[in-house]
Amino acid sequence: MDILSQILLLREELDQHNYNYYVLDNPIITDYDFDLKLKQLQELEVKHPEYFDENSPTQRVGGAITKNFQTIAHEQRMYSLDNSYSKEDLLDWEKRIQKQLGDVPLEYTCELKYDGASISITYENGQLVRAVTRGDGFQGDDVTNNVKTINAVPLRLKGDYPAKFDIRGEIILPFAGFEKMNQELIEIGEAPYSNPRNTASGSLKLQDSALVAKRPLDCLLYSIVGGGLELESQFEALHKARDWGFKVPQEARLAGNLEAVFEFIDYWDVHRHELPYETDGVVVKVNSIQYQEELGFTAKSPRWAMAYKFKSEQVSTKLNSISYQVGRTGAITPVANLEPVQLAGTIVKRASLHNADQIEKLDIRIGDTVFVEKGGEIIPKIIAVDLKQRPENSVVTHYITHCPECQTELVRNEGEANHYCPNFYGCPPQIIGRIQHFISRKAMDIEGLGGETVALLFNNGLVHNYADLYQLTVEQILPLERMAQKSAENLVNGVADSKNIPFERVLYALGIRFVGETVAKKLAKHYKNIDALSKASLMDLILVDEIGERIAQSVIDFFENKENTIIIERLKEYGVQFEVVEKVNLDATEILLGKTFVVSGVFTEFSRDDLKKAIEDNGGKVGSSISSKTDYVVAGDNMGPAKLEKASKLNIPIISETDFMEMLKES
Ligand code: AMP
Ligand code: ZN
């Protein structure tokens, strides 16, 4: 096969796998195999720039920078929707339509109303050419580079698509992705995003598309515009869009009358909380395109469509008190303690108040009756105070000036919403939080030690910082609550084992502000050891890929602190890894070439990751599940019975780790 055909074939395969994964949610190859193919394509494209294609699957990773988003006029206006809040509203709407159309029987398409940022995407000859935000409806911003990084958006279509058309939809951020993004922000001590919708629309306006590519955005489509198609109905249009490769949610239903529409609404009013993304209502559309054309538009919206807004679940309750929590990075979060009340299926006792500005804006006072709402976030929020019910003698809330835990005066940096306790090294929740971060799974992953035990150790004066963990003895721990010989031994052994954790994770574990997992990896790779990193200047740090001034300054501050340097010296003495160990495997062979292994169970000689690495270093592949393509299953202790059965059913040899090592020696 010539190079071009190879490239085209790989692109087609990758497009299809991408579609299976992101649109159908049904991958048929492992991530590993996908990455392998992608790498193959990347290499070919680098060697043959003449075959560059801006819609190649390799372009999904982004990289294009948009300094100024160009304004583009929509060929056809993007309307908004009229809202309705009750079934009566919908009945009235139907009456108006019937009057205009002359009492014809009507069918409706019912769709969910996705809560994100609207987008209009233009395709020409099956290729994505442009994506524009709604803007004011007449013109919007060209966000093509950013939209192309969203995996669910097809760059190339399949089937019988028209030569040129626009498709409209909503760019959303599913809850899971939103939570994950926020978790990462919290871990590095930044303020989390407030809701998925704003985060989705904010993402579209990022200048660096590589950053957009990292956000787990999704795109749900609902309307085809132009294209000269002779479509009869909206429902048919949804089918077409699906056939061409777009993600059109399967929840859409055809309703024979308003009764059926109400059923749809009632169902989703209850079940919307089970969806992976946020919806704020249902969109009801007259199904017949011919009727749609007859009905036309008002100044603002189509006459043939109506949004039905769910009532956001709201209750009123009493504010008993406000408490202030101190996080690992010293950030203060005010929390409202409420009279317990039932809301959206759970009992709510607390709500976030975000920061001092929020408290001032709401003018919220102890004893007030407040309205609480549950939106996309897990923690409900207070949206207003019921002033009519305010007790006469209520007093204005004054934000605290001193840390509730260590009494240090709080600071608030210009432009930041949160107050901080600056006593980083003496404030108990900050110390405990830092140690908890240090031992966490993605950091030092210390087995046998949990967050509560850390607090217990600190409160009993056994540890004051994470270096102290390495001096703990079984005798010291044993007298603590709920500690037995076995658990004390596990703890000490877990701490000792963490000396094998590689430098990049140690660096993350140190808890330097703004240094998350990814940044830690970058820094470790660049500086190779802690001494080089600690000596780096601000300029030097900024020159490292993806390190900005804020991160750089934070690294400098960390190493300028004497306590930190003492702790690091101690950790070094205990044997914690402070340099990158280049694992060039001199013994690497090709002996396992063409063989696929599945690794299962717990091993004694290898860690599971090392075993996988050994397979790959020697030319083999690691599969994620047992199939007819598996050549060997390497089984350790506790291999699951289902796997065992599957392997024997398919006649796949099950080998031990010793067998595996023998295999490598055979070269
Ligand atoms: P609004 O912003 O309240 O005027 O609502 C109109 C917006 O709802 C449209 O611009 C779309 O972005 C959005 N929308 C979400 N889901 C749908 C859907 N299924 N059909 C039409 N519009 C939708
Ligand atoms: Zn404090």
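For the rest of this paragraph, the subject is the nonpolar core. Counting 59 residues, the largest nonpolar core has Phe438, Leu469, Leu507, Leu510, Leu523 and Leu571 as its most contacted members. For this core, the element with the highest residue contribution is helix α20 (residues 549-560), accounting for 6 residues. Residue assignment places this core across two domains, with domain 4 (428-500) and domain 5 (503-574) each supplying three or more. With near-sequence residues (within four places) excluded, Leu510 lies in contact with Arg434, Tyr466, Ile530, Phe558, Ile568, Leu571 and Phe578. Leu157, Leu204, Leu217 and Ile224 belong to the second-largest nonpolar core, a separate cluster that totals 34 residues.

Around ligand 1 sit 13 residues in total, of which Glu111, Arg134, Glu170, Tyr222 and Lys285 are the nearest. Measuring from a nitrogen atom of ligand 1, one finds a side-chain N or O atom of Glu111 at 2.9 Å. For ligand 1, the accessible surface in isolation is 490 Å², of which the surrounding protein chains cover 87%. Put simply, the parts of the chain that give the shell around ligand 1 at least two residues each are β3 (108-114) and β10 (279-286). Among the elements that take part in the shell around ligand 1, β3 stands out by supplying 4 residues, more than any other. A breakdown of the residues in the shell around ligand 1 according to their chemical character gives 6 nonpolar, 2 polar and 5 charged.

What follows concerns the coordination of the zinc ion (ligand 2). A metal bound by six donors in octahedral fashion has ideal angles of 90 or 180 degrees, whereas one bound by four tetrahedral donors has an ideal angle of 109.5 degrees. Taken together, the protein ligands of the zinc ion (ligand 2) are Cys403 (SG), Cys406 (SG), Cys421 (SG) and Cys427 (SG), with distances of 2.2 to 2.3 Å. Each donor residue of the zinc ion (ligand 2) belongs to the same chain, with the gaps between them written as C-x2-C-x14-C-x5-C. Of this pair, Cys406 sits in the loop between β16 (381-385) and α12 (428-439) while Cys421 sits in the loop between β16 and α12; the two residues are 15 residues apart in sequence, bridging distant segments of the chain. Taking relative accessible area as the criterion, Cys406 reaches 17% and is therefore assigned buried.

Across the sheet, which stays open at both edges, the 4 strands sit in the order β18-β17-β19-β20 with parallel pairing between neighbours. With one partner strand each, in any of the chains shown, β18 (621-623) and β20 (654-655) form the two edges of the open sheet. When strand β17 (residues 596-600) meets β18, the two strands line up parallel, connected through 3 bridges. Opposite Phe597, over in β18, you have Val622 as the bridge partner. Those strands touched by helix α22 (residues 608-617) are β17, β18 and β19 (632-635), and its axis lies near 170° from that of β17.

Before going further, it helps to spend a moment on the packing of helix α3 (residues 87-101) against helix α9 (residues 258-271). Closest axis-to-axis distance for the α3/α9 pair is 11 Å, and the angle between their directions is 150°. Of the possible angle classes, the one that applies to α3 and α9 is roughly antiparallel. Along this stretch, α3 crosses α9, giving a crossing that reads as right-handed. In this structure, α3 contributes Lys87, Leu90, Leu91 and Glu94 to the contact, and α9 contributes Leu258, Phe262, Ile265 and Asp266. Of the residues assigned to the contact of α3 with α9, the class counts are 5 nonpolar, no polar and 3 charged.

Side-chain positions along a regular strand alternate between the two faces of the sheet. Within strand β8 (residues 218-225), 6 of the 8 residues are buried, leaving the element largely enclosed by the surrounding structure. In this structure, strand β7 (residues 164-172) lies alongside β8, joined through 7 bridges in antiparallel fashion. Each bridged residue has a counterpart across the sheet, and for Ile171 the counterpart in β8 is Cys219.

Okay, unusual backbone geometry next. Backbone geometry places Asp103, a non-glycine residue, at a positive phi of 45°. Its place among the elements puts Asp103 in the loop between α3 and β3. In this model, Gln407 sits at a positive phi of 65°, which is unusual for a non-glycine residue. By the secondary structure assignment, Gln407 is in the loop between β16 and α12.

Inspection of every chain in the model, using the stated rule, returns 30 salt bridges. Here Glu75 makes a salt bridge to Lys164, at a shortest N to O gap of 3.2 Å. Taken together, the positions of Glu75 in the loop between β1 (71-73) and β2 (83-84) and Lys164 in strand β7 put the pair 89 residues apart, joining distant regions of the chain. Measuring nitrogen to oxygen at the nearest pair gives 3.9 Å for the salt bridge that ties Glu184 to Lys180. Of this pair, Glu184 and Lys180 both sit in helix α5 (residues 175-187), 4 residues apart, which is roughly one turn of that helix. Residue classification places Lys180 among the exposed positions, given a relative accessible area of 53%.

The next subject is helix α2 (residues 31-47). Its 17 residues place the ends of α2 24 Å apart at the C-alpha level, agreeing with the 24 Å of an ideal helix rising 1.5 Å per residue. All of the buried residues along α2 are Phe34, Leu38, Leu41, Leu44 and Glu45. For α2, the angular spread of buried residues about the axis comes to 125°, placing them on one side. In α2, those exposed residues whose orientation departs by more than 90 degrees from the buried face are Lys39, Val46 and Lys47. Looking at the buried residues of α2, the elements they touch are α1 (3-22).

Attention shifts here to the domain arrangement of the protein. What the domain assignment reports for the protein is domain 1 (3-61), domain 2 (83-309), domain 3 (314-389), domain 4 (428-500), domain 5 (503-574) and domain 6 (596-665). Computed from C-alpha atoms alone, the centre-to-centre distance between domain 3 and domain 5 is 37 Å.

With that out of the way, let us pick up the packing of aromatic side chains. Under the counting rule described, the total for this entry stands at 22 aromatic pairs. With a centroid separation of 6.2 Å and 75° between ring planes, the pair formed by Tyr308 and Phe310 is classed as edge-to-face. Judged by its relative accessible area of 7%, Tyr308 falls in the buried class. With centroids separated by 5.8 Å and ring planes inclined at 85°, the aromatic side chains of Phe597 and Phe660 adopt a geometry described as edge-to-face. Of this pair, Phe597 sits in strand β17 while Phe660 sits in helix α24 (residues 657-665), and the two are 63 residues apart along the sequence. A single burial state applies to Phe597 and to Phe660, both of which are buried. These aromatic residues form a ring-pair network of at least three members: Tyr123, Phe165, Trp244 and Phe246.

On the secondary structure map, Gly623 appears in strand β18. The exposure class of Gly623 is buried, given its relative accessible area of 18%. The sequence separation of Gly623 and Thr30 amounts to 593 residues, and the corresponding C-alpha distance is 7.2 Å. If near-sequence neighbours (up to four positions away) are discounted, Gly623 is found in contact with Thr596, Phe597 and Val598.

Further remarks concern the packing of α20 against helix α21 (residues 562-574). At a closest axis distance of 5 Å, the pairing of α20 and α21 adopts a crossing angle of 75°. In terms of orientation, α20 lies roughly perpendicular with respect to α21. Touching Phe558, Phe559 and Glu560 of α20 are Lys562, Asn564, Thr565 and Ile568, all from α21. Broken down by class, the residue content of the contact of α20 with α21 amounts to 3 nonpolar, 2 polar and 2 charged.

Cut-offs used in this document
Residues numbered from 1 in each chain as written. Chains lettered and ligands numbered in written order. Predicted model: local features only at pLDDT ≥ 70, side-chain atom pairs only at ≥ 80, totals over all residues. Heavy atoms only, no water. Core = buried A, V, L, I, M, F, W, Y, C linked by side-chain atoms within 4.5 Å. Buried < 20%, exposed > 50% of the residue type's maximum accessible area, 1.4 Å probe, protein only. Helix = DSSP H or I, 4+ residues; strand = E, 2+ residues; numbered from the N terminus. Domains from an automatic or database assignment. Contact = heavy atoms within 4.5 Å. Near = heavy atom within 4 Å. Polar contact = N/O pair within 3.5 Å; in protein donor to acceptor, adjacent residues only side chain to side chain. Areas by Shrake-Rupley, 256 points an atom, 1.4 Å probe, with all protein chains shown as cover. Nonpolar A, V, L, I, M, F, W, Y, C, P; charged D, E, K, R; others polar. Donors = N, O, S within 2.8 Å, 3.2 Å for Na, K, Ca; no water. Pairing = 2+ DSSP bridges. Axes fitted to C-alpha atoms, helices over the stretch in contact; angles between N-to-C directions. Parallel < 35°, antiparallel > 145°, perpendicular 65-115°, else oblique. Left-handed = near helix turned anticlockwise from the far one by under 90°. Salt bridge = Lys/Arg side-chain N within 4 Å of Asp/Glu carboxyl O. Expected span 1.5 Å × (residues − 1). Arc of directions from axis to C-beta. Phe/Tyr/Trp six-rings, centres within 6.5 Å; stacked < 30°, edge-to-face > 60°.

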